[in-house]
Amino acid sequence: MKIKIQTLVELQSTEIEIRRVEQALAAAPERFDAITAERQGLTEAVEAAEAHLAALNKRYRELEREAREQQDRAAKRAARLHEVKTNKEYQATLKEIDDIKAVVLGIEDEMLALLDTIDEAKAGLKEKEQDLADRDQALREEAAAVEQAMEEDRKRLEALRLRREEIAGQVDSALMSVYLRAQVQQRDRRALAEVVNAVCQGCHMNIPPQLYNELQRQEQGDLKICPLCQRIIYWQNEA
Ligand SMILES: [Zn+2]
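Bear in mind that the values here come from a model prediction, so they are computed numbers and not experimental data.

K.L.:
Hey, could you run me through the overall build of the protein chain in this one?
P.N.:
What the protein chain contains, in helices and strands, is 4 helices and 3 strands. What you see for the protein chain is a C-alpha radius of gyration of 41 Å, clearly larger than the 18 Å of a compact globule of 239 residues, by over 25%. Along the first, second and third principal axes, the C-alpha atoms of the protein chain reach 130 × 35 × 30 Å. Considering the protein chain as a whole, with its 239 residues, one finds that 32% of them fall into the buried category. Sequence-distant contacts in the protein chain: of pairs separated by 6 or more residues, those separated by 24 or more amount to 72%. Just so you have it, the protein chain exposes about 15500 Å², and 51% of that area is on carbon and sulfur atoms. Across the protein chain, the centroid of the 37 positively charged side chains sits 3 Å from that of the 47 negatively charged ones.

K.L.:
Would you mind showing me how to read the sheet that holds strand 3 (residues 232-234) here?
P.N.:
Within a sheet, each strand pairs with its neighbour through backbone hydrogen bonds, oriented either parallel or antiparallel. In space, the 3 strands of this open sheet follow the order 2-1-3, with mixed pairing throughout. Pairing within the sheet leaves two strands with one partner each, and these edge strands are strand 2 (199-200) and strand 3. Contacts from helix 1 (residues 5-79) reach strand 1 (192-196) and strand 3, with the element oriented near 115° to strand 1.

K.L.:
Hey, could you run me through the pattern of salt bridges in this one?
P.N.:
Oppositely charged side chains can pair when the atoms bearing their charge come close. Within this structure, the stated rule accounts for 18 salt bridges. As a salt-bridge pair, Glu110 and Arg59 come within 2.8 Å of each other at their nearest N and O atoms. In this pair, Glu110 is assigned in helix 2 (residues 87-168) and Arg59 in helix 1, connecting sequence segments 51 residues apart. Arg164 serves as the salt-bridge partner of Glu165, at 3.3 Å between the closest nitrogen and oxygen. Residue classification places Arg164 among the buried residues on the basis of a relative accessible area of 18%. One connected set of salt bridges, linked through shared partners, spans Lys58, Arg59, Glu62 and Glu110.

K.L.:
Is there a simple way to explain the domain arrangement of the protein chain in this structure?
P.N.:
As a measure of interface size, the accessible area lost when the parts come together is often cited. When its domains are assigned, the protein chain resolves into domain 1 (5-168) and domain 2 (173-234). Each of domain 1 and domain 2 has a C-alpha centre, and the two are 60 Å apart. Listed by partner, the interface residues are 10 residues for domain 1 and 12 residues for domain 2. Summed over both sides, the interface of domain 1 with domain 2 buries roughly 1000 Å², with 64% coming from carbon and sulfur. The largest contributions to the domain 1 side of the interface with domain 2 come from Ile5, Leu8 and Gln12, which together make up 50% of the buried area. Where domain 1 packs against domain 2, one counts 0 salt bridges.

K.L.:
Can you help me understand the coordination of the zinc ion in this one?
P.N.:
Reference values for coordination geometry: four tetrahedral donors around a metal ideally subtend 109.5 degrees, six octahedral donors ideally subtend 90 or 180 degrees. For the zinc ion, the protein coordination sphere consists of Cys200 (SG), Cys203 (SG), Cys226 (SG) and Cys229 (SG), at 2.2 to 2.3 Å. Given 4 donor atoms and angles of 104 to 116° at the metal, the environment of the zinc ion is assigned as tetrahedral. Read N to C, the donor residues that coordinate the zinc ion are spaced as C-x2-C-x22-C-x2-C. With a relative accessible area of 0%, Cys200 lands in the buried category.

K.L.:
Please clarify how a negative patch on the surface should be interpreted in this entry.
P.N.:
Side chains of Glu44, Glu47, Glu50 and Glu129 sit close together on the surface and give a patch of like negative charge. If one sorts the elements of the negative patch by residue count, helix 1 sits on top with 3 residues. With respect to the secondary-structure elements, Glu129 resides in helix 2. A relative accessible area of 37% means that Glu129 is categorised as partly exposed.

Conventions adopted
Residue positions are given per chain, counting from 1 as you read along its sequence in written order. Only residues with pLDDT of at least 70 are given local features in this predicted model, and only at 80 or more are side-chain atom pairs given and counted; all residues enter the totals for whole chains, interfaces and linings. Excluded from the side-chain calculation are hydrogens and water; included are all heavy atoms of the structure. Numbering of helices and strands starts at the N terminus; helices are DSSP runs of H or I of at least 4 residues and strands are runs of E of at least 2. Note on method: radius of gyration uses C-alpha positions; expected globular size equals 2.2 Å times residues raised to 0.38. For each residue, the accessible area found with a 1.4 Å probe, counting protein chains only, is set against the maximum for its type, and the residue is called buried under 20%, exposed over 50%, and partly exposed in between. Two residues form a contact once any of their heavy atoms are found within 4.5 Å. Method for areas: the Shrake-Rupley scheme with a 1.4 Å probe, in which residue coverage is limited to the protein chains shown. Working convention for charge: Lys and Arg count positive, Asp and Glu count negative, and His plus the chain ends are omitted. Taken as the charge location is NZ of Lys, CZ of Arg, CG of Asp or CD of Glu. Any two strands with at least two DSSP-identified bridges between them are counted as paired. The angle between two axes is taken between their N-to-C directions and runs from 0 to 180 degrees, where each axis is a line fitted to C-alpha atoms and a helix contributes only its stretch in contact. Note on definitions: salt bridges are taken to be side-chain nitrogens of Lys or Arg within 4 Å of carboxyl oxygens of Asp or Glu. Delimitation of the domains relies on an automatic or database domain assignment. Reported buried area values correspond to the accessible surface (1.4 Å probe) lost by two parts on association, with both partners' losses combined. Coordination shells were defined by N, O and S atoms within 2.8 Å of each metal, extended to 3.2 Å for Na, K and Ca; water is absent from the atom set, which can make sites look incomplete. Between 85 and 135 degrees for all angles marks four donors as tetrahedral; over 155 degrees for opposite donors together with 65 to 115 for all other angles marks four donors as square planar and six as octahedral; every other arrangement is irregular. Think of a patch as exposed residues, more than 30% relative accessible area, with no salt bridge, where like charges cluster within 9 Å and nonpolar side chains (Val, Leu, Ile, Met, Phe, Trp, Tyr) cluster within 5 Å.

Right, dumping it as structure tokens:
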């Protein structure tokens, strides 16, 4: 077989690029999920703040109604004061009216305190709405960017796969089977490794000096294998 090491080098670099693009495409759904989760989190925070504010407003209206009812009761008692027959009954009714007024005061205190809490809740809601508004645009842009990158990656992958077929077509079939065999043996799917200063770049170990000499002579038709990692090794003359 005729060794066209440069063709194999190009084949491998094309395959590495194909895997890189495939990984980028595979990672895209995760990025979409992260964007969706962030927007959902911000939306839920707004909804929680809205619910909190609504509950406080509801409580305020309840207290308002309660105060009104108590005031009505006091007014009815007061209206009946002229109907009472005895001083004892008069005093008892006055006491009752005072008691009701005390209850009303208590309710009004609670309402005042609640108004402060409602103001805080309104500010909190505004803050959450702002957080959502601030991030929403950025998240939309991010999602659009992921979409665009995916589109480009798909086109690039298509071109790379065609290029890979083209290069593979130039490789002698016997050499190709050696290449494919070496490839499946490697965890990183790299069948080829350059040797630089007698060090195999696949396993980072020194190859025997004799082998290094042979490699540098670049005898055609003679395939060299790293004795440590079993990759097909090659040497490039820097000069
Ligand atoms: Zn090696």
